[in-house]
Amino acid sequence: MADFVRRRVRVASLSVLVAVTVLFMAACGSGDEEDYAASQTHDEHDSAPAAVVAGEHSETGLEGKKLFAANCTQCHGENAMGTNQGPPLVHVIYEPGHHGNASFVIAVARGVRAHHWDFGNMPAIPELSIDEINQVICYVRELQLANEIIDEIPAATRC
Ligand code: HEC
């Protein structure tokens, strides 16, 4: 009888070990961007959409899109939906009332010290001219509009 109980205990702890191992592997395996985007809906900044609509773009926005792809997508992601290197810009934190156009200009010109998130600092990207930064801002605002973060392009943004 005692033996039987001991065996039951051993079997039970073995299955706990297996369960923990499986959970651990699942947690570590979630390195790709799709899983990252999905996890965004569960973090404390809970308003990041799981997927972002690409939306319609003006001519200026399309220029901005090219510049964004070359300079920003590596961290801020496809359609500015975020990666494991940087936050989504299609997010209420970055709507014009919180982060106006000037904060974009300053972020690109001087870089950003990490303060909202745990991704680390953003480096300055001094190659972009002010006209180019404005094209990028137009693109991001159009994405925010398409994803209902804002309901109109702010007057200060020239698209
Ligand atoms: C190497 C990664 C990286 C690149 C490239 C990058 N960013 Fe960032 N960016 C970040 C990180 C990380 C943050 C968040 C810092 C924080 O608040 O914790 C950030 C924050 C920002 C912010 C918010 C600034 C603020 O005042 O809080 C803006 C706007 C921004 N980025 C725009 C851009 C644009 C536009 C580009 C391309 C021209 C770009 N970023 C390229 C990593 C990057």
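Analysis parameters
Residues numbered from 1 in each chain as written. Predicted model: local features only at pLDDT ≥ 70, side-chain atom pairs only at ≥ 80, totals over all residues. Helix = DSSP H or I, 4+ residues; strand = E, 2+ residues; numbered from the N terminus. Buried ≥ 20, exposed ≤ 12 C-beta atoms within 10 Å, placed from the backbone. Contact = placed C-beta atoms within 7 Å. Near = placed C-beta within 6 Å. Nonpolar A, V, L, I, M, F, W, Y, C, P; charged D, E, K, R; others polar. Core = buried A, V, L, I, M, F, W, Y, C linked by C-beta atoms within 7 Å. Axes fitted to C-alpha atoms, helices over the stretch in contact; angles between N-to-C directions. Parallel < 35°, antiparallel > 145°, perpendicular 65-115°, else oblique. Expected span 1.5 Å × (residues − 1). Arc of directions from axis to C-beta. Left-handed = near helix turned anticlockwise from the far one by under 90°.

A. Seen up close, the overall build of the protein. Broken down by element type, the protein carries 6 helices and 0 strands. Going through the 159 residues of the protein one by one, you find that 25% of them count as buried. In the protein, 61% of the contacts between residues at least 6 apart in sequence involve partners at least 24 apart.

B. Structural context of the site of the ligand. The ligand sits among 25 residues. The nearest are C72, C75, G86, F119 and M122. Residue assignment for the shell around the ligand shows that the elements contributing at least two residues are helix 4 (73-76) and helix 5 (101-110). Looking at which element gives the most residues to the shell around the ligand, the answer is helix 5, with 4 residues. Looking at the shell around the ligand, its residues break down into 15 nonpolar, 10 polar and no charged.

C. Structural view of the environment of G120. Relative to the elements of secondary structure, G120 occurs in the loop between helix 5 and helix 6 (130-146). We classify G120 as exposed; it has 12 C-beta atoms within 10 Å. Counting along the chain gives 35 residues from G120 to Q85, while the straight-line C-alpha distance between them is 8.1 Å.

D. Summary view of the nonpolar core. If you look at the biggest cluster of nonpolar residues, it comprises 18 residues, and the most contacted ones within it are A80, V90, V136, I137, Y139, V140 and L143. Only helix 5 and helix 6 provide two or more residues apiece to this core. When residues of this core are assigned to their parent elements, the largest contribution, 7 residues, is made by helix 6. If we ignore the near neighbours within four places in the chain, the residues touching I137 are N101, F104 and T157.

E. Up close: the environment of N147. Relative to the helices and strands, N147 is located in the segment after helix 6. For N147, a count of 20 C-beta atoms within 10 Å corresponds to the buried category. Taking the C-alpha atoms as reference, N147 lies 6.0 Å from V53; in sequence the two are 94 residues apart.

F. Representation of the packing of helix 3 (residues 59-71) against helix 6. Across the interface, helix 3 lies against helix 6 with an axial gap of 7 Å and an inter-helix angle of 105°. In terms of their interaxial angle, helix 3 and helix 6 are classed as roughly perpendicular. Contacts from T60, G61, E63, G64, K65, L67 and F68 of helix 3 reach helix 6 at E132, Q135, V136, C138, Y139 and E142.

G. Molecular detail of helix 3. For helix 3, with 13 residues, the first-to-last C-alpha span of 19 Å sits near the 18 Å given by 1.5 Å per residue. Among all positions in helix 3, only G61, G64, K65 and F68 are buried. The arc that holds the buried residues of helix 3, viewed along the axis, is 110°, so those residues lie on one side. Projecting away from the buried face of helix 3 at angles above 90 degrees are the exposed residues E59 and A70. Buried residues along helix 3 sit in contact with helix 4 and helix 6.

H. The arrangement of unusual backbone geometry in detail. With phi around 55°, N79 is a residue other than glycine that occupies positive phi space. Within the element layout of this structure, N79 appears in the loop between helix 4 and helix 5. On the neighbour-count criterion, N79 (23 C-beta atoms within 10 Å) is buried. Backbone geometry places A80, a non-glycine residue, at a positive phi of 55°.

I. A look at the packing of helix 5 against helix 6. Where helix 5 meets helix 6, the axes come as close as 10 Å, and the angle between the chain directions of the two elements is 125°. Relative to helix 6, the element helix 5 lies oblique. As for how helix 5 packs across helix 6, the hand of that crossing is right-handed. Facing N101, F104, V105 and V108 of helix 5, the residues of helix 6 in contact are I130, I133 and I137. Taken together, the residues that form the contact of helix 5 with helix 6 break down as 6 nonpolar, 1 polar and no charged.

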